[in-house]
Amino acid sequence: MACRNEKKAQTAMKDILQSDDTNNRLVFLSLDLSDFTSVRAAATNVLNSHPKLDVLINNAGVMSSTQRTTVDNYELCMQANHLGHFLFTLLLMPLLLKSNARILNLTSSTYKLATHIGFDFDDPYCTKGRQYGLFQQYGMTKLCNILFTKELVRRNNKLVSYAIHPGVVRTEGITGNMNFFLKYGSMACGFFLMWVMKTSQQGAYSTVWLASTEDLPEPNGSYVSHCVIERTIGKYVNDVEHAKKVWSWSEEQVKKW
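Residues numbered from 1 in each chain as written. Predicted model: local features only at pLDDT ≥ 70, side-chain atom pairs only at ≥ 80, totals over all residues. Heavy atoms only, no water.

Chemist: Describe in detail the side chain of Ser250, supporting the description with residues and values.
Modeler: Mapped onto the elements of the fold, Ser250 is located in helix α11 (residues 240–254). Ser250 sits in the buried class, given a relative accessible area of 0%. When neighbours within four sequence positions are excluded, Ser250 is seen to be in contact with His82, Leu83 and Phe86. (Helix = DSSP H or I, 4+ residues; strand = E, 2+ residues; numbered from the N terminus. Buried < 20%, exposed > 50% of the residue type's maximum accessible area, 1.4 Å probe, protein only. Contact = heavy atoms within 4.5 Å.)

Chemist: Before we move on, can you summarise the packing of helix α5 (residues 134–155) against α11 with the specific residues and values?
Modeler: Between α5 and α11, whose axes approach to 9 Å, the crossing angle comes to 95°. Looking at the two axes, α5 sits roughly perpendicular to α11. Contacts from Cys144, Leu147, Phe148, Glu151, Leu152, Arg154 and Arg155 in α5 reach Val240, His242, Ala243, Lys244, Val246 and Trp247 in α11. Within the contact of α5 with α11, the residues separate by chemical class into 8 nonpolar, 1 polar and 4 charged. (Axes fitted to C-alpha atoms, helices over the stretch in contact; angles between N-to-C directions. Parallel < 35°, antiparallel > 145°, perpendicular 65-115°, else oblique. Nonpolar A, V, L, I, M, F, W, Y, C, P; charged D, E, K, R; others polar.)

Chemist: Go over helix α1 (residues 6–19) with me, naming the residues and quoting the values.
Modeler: The first and last C-alpha atoms of α1 sit 20 Å apart over 14 residues, in line with the 20 Å expected at 1.5 Å per residue. For α1, the side-chain oxygen to backbone nitrogen distance between the N-cap and Lys7 is 3.0 Å, and the N-cap itself is Asn5. (Expected span 1.5 Å × (residues − 1). Polar contact = N/O pair within 3.5 Å; in protein donor to acceptor, adjacent residues only side chain to side chain.)

Chemist: Kindly report on the packing of aromatic side chains, identifying the contributing residues and their values.
Modeler: Applying the stated criterion across every chain, the model contains 11 aromatic pairs. Between Tyr74 and Trp257, the aromatic rings sit 6.1 Å apart at their centres with planes inclined by 75°, giving edge-to-face as the arrangement. Of this pair, Tyr74 sits in the loop between β3 (55–58) and α3 (76–91) while Trp257 sits in the segment after α11, placing them 183 residues apart in sequence. You'll find Tyr74 and Trp257 in the same group, each marked buried. Relative to Phe121, the ring of Phe119 has its centre 4.9 Å away and its plane inclined at 70°; by these criteria the two rings are edge-to-face. Overall, the relative accessible area of 4% leaves Phe119 in the buried class. Clustering of aromatic rings is evident, with ring pairs tying together Phe36, Tyr74, Phe119, Phe121, Tyr125, Trp249 and Trp257. The aromatic ring of Phe121 is capped on one face by Lys245, whose charged end is 4.5 Å from the ring centroid. (Phe/Tyr/Trp six-rings, centres within 6.5 Å; stacked < 30°, edge-to-face > 60°. Lys NZ or Arg CZ within 6 Å of the ring centre and 35° of its normal.)

Chemist: Outline the nonpolar core, listing residues and values.
Modeler: Among the nonpolar cores identified, the biggest contains 44 residues, and Met78, Leu83, Phe88, Leu92 and Leu96 are the most heavily contacted of them. Those elements giving two or more residues to this core turn out to be α2 (36–49), α3, α4 (93–99), α5 and α11. Examining the composition of this core, we find that 7 residues originate from one element, α5, more than from any other. Setting aside chain neighbours within four positions, we find Leu96 in contact with Leu53, Leu56, Thr89, Ala101, Ile103 and Leu159. Membership of the second largest hydrophobic core comes to 7 residues, among which are Val160, Tyr162, Leu210 and Val224. (Core = buried A, V, L, I, M, F, W, Y, C linked by side-chain atoms within 4.5 Å.)

See the structure below:
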């Protein structure tokens, strides 16, 4: 279980071990996707300690109402939601290819907020004039998750990969980084939102299904929501050349790590 916060990870692992027969096979792996040095260290740990890797679930995500910069001097959402996963996956590629692994990338329907303009290669970090917005930047990173998935299977036909929209899930990881009005507005409307938002367990259904099923849906590289393949909507999200370009840009951003 790769996590940034060991205390929270240990609590979650304890709950899992108490509720399921995992034969104590859960192991904590320190991984902070907003720190590329941490990403490389975590990948090196896995490569040195595991002979194979059957499933990789790139699950982390952050929304921030204020523009924040990582220790690597990149915009937080873009690094934590896309580039961190991209680098971690590439570093683990020897194991993933050896195992014909499944790579499951968590995305969001908010990709639609960016698909009309596509990925902004001129100002991806909102430092050259593009206005930063919580949903706008988050949506662009979620578009990246889908394009990464599609390009991944195009480049590696031995791999299985899906981009998964878990639904609208009520978690602290989302509301914890919202500004005062959005955070407490969400809390105030909690009674009504609970009828349309999923629990964490419900949000994990598609991911657990794709990680474990012997009957994988076709085509490989698809966008999955509510355990069903859905067609991605918009010009750029379905553009193969755009996906290739995002991949090349991503490689350039992480090459020194």
